[in-house]
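Here's the letter readout for the chains.
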Amino acid sequence: MSIDKKRTPYLLLAPAVLTLLVTIGYPIGYNLYISLFDWRMLESTTPINFVGLDNYVNFFRNPDMLHSFFITIEYTILGVALEFFLGLILALILFEKTRGFKVFRLLLLVPIMATPLVIGLIWKLMWHAEFGIINYFLSFFGQSKTAWLAHPNTAFIAIVIVEVWKYTSFIFLIIYAGLQVLPSDPYEAATIDGATYWNKLFRITLPLIRGPMLVAVVFRMIFTFRVFDQIYALTRGGPSDATMVMSLLIYREGFAQWRPGSGAAMSVILIMITLFFALLLIKAIYKKSEL
Amino acid sequence: MKKALFFALVGILVSVFGFTTGQQMKQERPVTIQWITHPVIYAVTGEGELFKEFTAETGINVEVTTFPVATLSEKIPAEFIAHSDTYDVIEFNTAYWTADMAKFVEDLEEWHEKDPLPDGGLSDFPAGMVRQFRVPQIDSGKMCGLPHRMGVDILFYRQDLFNQAGITPPIGATSLETYYQAAKKLTQDTNGDGQTDIYGCIYQGASDETGSQDWYGWACPFGARILVPPDWNKAGFNNEAGLNALKYRRKMYAEGIVSEGVLSWRHVDVREVMAQGLAALSILYGPYWAQMEDPAKSKVVGKMAYGVPPRDPDIEEAHFVRGWSLFLNKYSTKKQAAWQFMKFLTSKQAEIYQSVNHGNPPTRYSVFRSGEYNSKVPTADAEAGTMKYGTIQPNHPEMSKIHSILSKNLSAAISGEIMPEKALEDAEQQINALVQN
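Residues numbered from 1 in each chain as written. Chains lettered and ligands numbered in written order. Predicted model: local features only at pLDDT ≥ 70, side-chain atom pairs only at ≥ 80, totals over all residues.

**A look at the overall build of chain A**
Here is step 1: When its secondary structure is counted, chain A shows 13 helices and two strands.
Here is step 2: Its C-alpha radius of gyration of 24 Å places chain A more than 25% over the 19 Å reference for a compact globule of 291 residues.
Here is step 3: When its C-alpha atoms are laid out on the principal axes, chain A stretches across 80 × 75 × 30 Å.
Here is step 4: Here chain A holds 291 residues, and 34% of them are scored as buried. (Helix = DSSP H or I, 4+ residues; strand = E, 2+ residues; numbered from the N terminus. Rg over C-alpha atoms; globule rule 2.2 N^0.38 Å. Buried ≥ 20, exposed ≤ 12 C-beta atoms within 10 Å, placed from the backbone.)

Written out as structure tokens, the structure reads:
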């Protein structure tokens, strides 16, 4: 192979790599750098108090930060679990091409197309204790007014419901696409052997779409763990930090209280966790392709 | 080669032409300054109607950018830190202004000396209001802000409901117990469906600075202080006044005298509930009267009355002044024009326009005393009566974190998660650790 042919791929890749280094690499590197400082931005525009790993250690010692971490874990697990079950059921129902399935399929895409911030603002009005439409409809069933966003427990449930409402269709889409490409032979053979719908579902369909299900779940876990917009619009992390997910805490630390060092350390921890989920996804995809 | 030279020459000619035209256009273009503020404040200028006179006289155009309070609290420090010259005149709020930001703004007293404020100058502004934005907060401190929309929290109450119930409103030198009793009597289920239709009281209880400021409006008149003046290096709210204010808020919440929604409500929600006729009493920022008396936005037009909120008669500095001031960005490239605009916006005539037509609280003695203001603004007497007992708030660099700690604990106590005593103790401990380090 000539020297030019050896160099050419690298030369062609160079602009893209440079762009990635500037737009992604540099911010990540700088973020890591400032995470080693106790930086009060209003006092100085450059980081001045080097503290090493203290910001990381403080994360695990600070009860507010740990609380935020566990809230985020709970939110992610609950939200994604509900999205998965609902998305799977919807995909299976619509795959049977029931009457009106095309309209339902289209309607299911509407939540995912809307901006998270706008969704948050609309749902905030819907959850309003005095003027909200949800309380209005619940009153027909004899339910008294609930201040959904005012109590820690109900506020948490409210944000999970919004999350599920918005992103169930994402899981539905991926699983539905997976169902579209299933081979028909196993089903024909199963029918001949007298298998019922449930036999086919648990013995053929679910095992065959394991890959897409896993991809959908892990994708959602990555993005749900980093949620910000809709919770900011709904509750800003309240009441009493009951919905203070990590992204919101990072934002508050970095941009409301102007301590970017501490915020940067938390964001690095958040990146590590989402990287872990991403590695799970890669492993799942590799395992699928090996099969 | 010849072709390349030709194109190079054309390129140079086009660049030179473009540059000189641009420079000429720049010289001919009138001066335009950028003002960043809150939408409500822009609204009190008649959505810019007021500026037409200013632009006609001075040739200075004013472009306005508005953001909600929470966004301003983040955007303005970001602009300062970036040494940005995007905005020339900056409007900022007592809740978010801290002494740390003094280095990013001009000393307005120096500007006043070179080019004095009209209509009586600085002496026409209450010294306390000006002191709020001085660093340090003494009369000789650097004057960072020019008061533009400053007021006090006053009592808003439904006169019609008080008349119906035959009780007197809890005005002035009275106690929170009287306030509570009045609110309790006025809480009503008007249609017998078992649901409260009119709450006796309403307040902001969101677990952020709006909630802690609102609680402070109940606690300060009885002797609580977020930080103890003049050094602001110690919490001063864990006392009988602070505890009482918290206990009454918790009691009203538990007894359904306030809506359960208060724990997520900020000023927009509280104003809306009051204007929709769902609450009988509140202690609110004075300028909010404009929404109550606006037929397009309110169901209680003509039914509201305003008074001095409850306070301990032995406390002279009882009601904290809060609001917005104008700041001159140190990095602005149009400071002269910006100062002209600031002088105009806070002149006597402009303040009368803003207060009489749009409910903006004035910041000049001459406007407070003017017949026009007193005859047309329903809160004039209440504001004057409350301002007599006015005091400043701290502008400590850690105010944002202080409010965050305080509001979280207050919210937890109101909802019943923790006892009020523990809430204030925990908040005091954390805040003292913060301000003493």
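**Details of the packing of helix 3 (residues 63-95) of chain A against helix 10 (residues 210-225) of chain A**
Residue and element names in this part refer to chain A.
Here is step 1: One way to put it is that helix 3 packs onto helix 10 with a least axis distance of 9 Å and a crossing angle of 145°. As for the relative orientation of helix 3 and helix 10, their crossing is right-handed in sense. Along the contact surface, helix 3 presents T72, Y75, T76, G79, V80, E83 and F84, while helix 10 presents V217, R220, M221, T224 and F225.
Here is step 2: Here the contact of helix 3 with helix 10 is built from residues that sort into six nonpolar, four polar and two charged. (Axes fitted to C-alpha atoms, helices over the stretch in contact; angles between N-to-C directions. Left-handed = near helix turned anticlockwise from the far one by under 90°. Contact = placed C-beta atoms within 7 Å. Nonpolar A, V, L, I, M, F, W, Y, C, P; charged D, E, K, R; others polar.)

**A short note on the interface of chain B and chain A**
Here is step 1: Across the contact, 26 residues belong to chain B and 23 residues belong to chain A.
Here is step 2: Those elements that provide at least two residues to the side of chain B that touches chain A are helix 4 (69-81) and helix 18 (399-414) of chain B.
Here is step 3: Here the side of chain B that touches chain A takes five residues from helix 18 of chain B, the largest share from any one element.
Here is step 4: Each residue belonging to the side of chain B that touches chain A can be placed in one class, and the counts come to ten nonpolar, nine polar and seven charged.

**With respect to helix 8 (residues 185-192) of chain A**
Here is step 1: Of all eight residues in helix 8 of chain A, zero are buried, a share of ten percent or less.
Here is step 2: Once helix 8 of chain A ends, the next one or two residues include G194 of chain A, with phi positive near 85°.

**Quick notes on the pairing of strand 1 (residues 32-37) of chain B**
Residue and element names in this part refer to chain B.
Here is step 1: Sheet analysis places strand 1 next to strand 2 (residues 61-66), joined by six bridges and oriented parallel. Across the sheet, residue Q34 finds its bridge partner in strand 2, namely E63.
Here is step 2: Strand direction decides the pairing type here: strand 1 and strand 3 (residues 89-93), joined by two bridges, are parallel. Looking at strand 3, one finds that I36 is bridged to I90. (Pairing = 2+ DSSP bridges.)

**Re the nonpolar core**
Most often, soluble globular proteins keep nonpolar side chains buried together rather than apart.
Here is step 1: Among the nonpolar cores identified, the biggest contains 161 residues, and V89, A183, C201, I202, A219, A245 and F341 of chain B are the most heavily contacted of them.
Here is step 2: With eight residues, helix 18 of chain B is the largest single contributor of residues to this core.
Here is step 3: Split by domain, this core shows at least three residues from each of two domains, domain 1 (27-150 + 321-391) and domain 2 (152-320 + 395-435) of chain B.
Here is step 4: F84, I174, V218 and F225 of chain A belong to the second-largest nonpolar core, a separate cluster that totals 16 residues. (Core = buried A, V, L, I, M, F, W, Y, C linked by C-beta atoms within 7 Å. Domains from an automatic or database assignment.)

**Thoughts on unusual backbone geometry**
Here is step 1: The residue after G238 of chain A, namely P239 of chain A, is reached through a cis peptide bond having omega -5°.
Here is step 2: Looking at where P239 of chain A falls in the secondary structure, it is placed in the loop between helix 11 (229-234) and helix 12 (246-256).
Here is step 3: Residue P136 of chain B follows V135 of chain B across a cis peptide bond; omega there is -10°.
Here is step 4: You can see P136 of chain B is positioned in the loop between strand 4 (134-135) and strand 5 (142-143).
Here is step 5: Even without being a glycine, H83 of chain B presents a positive backbone phi close to 55°.
Here is step 6: With respect to the element layout, H83 of chain B can be found in the loop between helix 4 and strand 3.
Here is step 7: At W232 of chain B, a residue that is not glycine, the phi angle is positive and equals roughly 50°.
Here is step 8: For W232 of chain B, the position within the fold is in the loop between strand 7 (225-227) and strand 8 (235-236).

**Concerning the pairing of strand 3 of chain B**
All names here are of chain B.
Here is step 1: Of all the five residues making up strand 3, four are buried; the element is thus mostly covered by neighbouring parts of the structure.
Here is step 2: Sheet analysis places strand 3 next to strand 11 (residues 319-328), joined by five bridges and oriented antiparallel. By the bridge assignment, V89 is partnered in strand 11 with L328.

**Overview of the confidence of the model for chain B**
Note: predicted coordinates in regions of low pLDDT should not be interpreted at a detailed level.
All names here are of chain B.
Here is step 1: Scored by pLDDT, chain B comes out at a mean of 92, with 98% of its residues at no less than 70.
Here is step 2: Looking over chain B, one finds the lowest element-wise mean pLDDT in helix 1 (residues 2-28), namely 78, and the highest in helix 13 (residues 335-345), namely 97.
Here is step 3: Here the prediction assigns the complex a pTM of 0.81, and the interface score ipTM is 0.75. (pLDDT = per-residue confidence, 0-100.)

**Description of the domain arrangement of chain B**
Residues and elements named next belong to chain B.
Here is step 1: Along its sequence, chain B is carved into domain 1 (27-150 + 321-391) and domain 2 (152-320 + 395-435).
Here is step 2: One C-alpha centre belongs to domain 1, the other to domain 2, and the line joining them spans 27 Å.
Here is step 3: Residue-level contacts link 24 residues of domain 1 with 25 residues of domain 2.
Here is step 4: Listing elements by their share of the side of domain 1 that touches domain 2, those giving two or more residues are strand 11, helix 17 (380-387) and strand 12 (390-391).
Here is step 5: The element contributing the most residues to the side of domain 1 that touches domain 2 is helix 17, with five residues.
Here is step 6: Taken together, the residues of the side of domain 1 that touches domain 2 break down into ten nonpolar, ten polar and four charged.

**Some points on the environment of R134 of chain B**
Here is step 1: Note that R134 of chain B resides in strand 4.
Here is step 2: Excluding anything up to four places from it in sequence, R134 of chain B contacts G141, K142, M143 and C144 of chain B.

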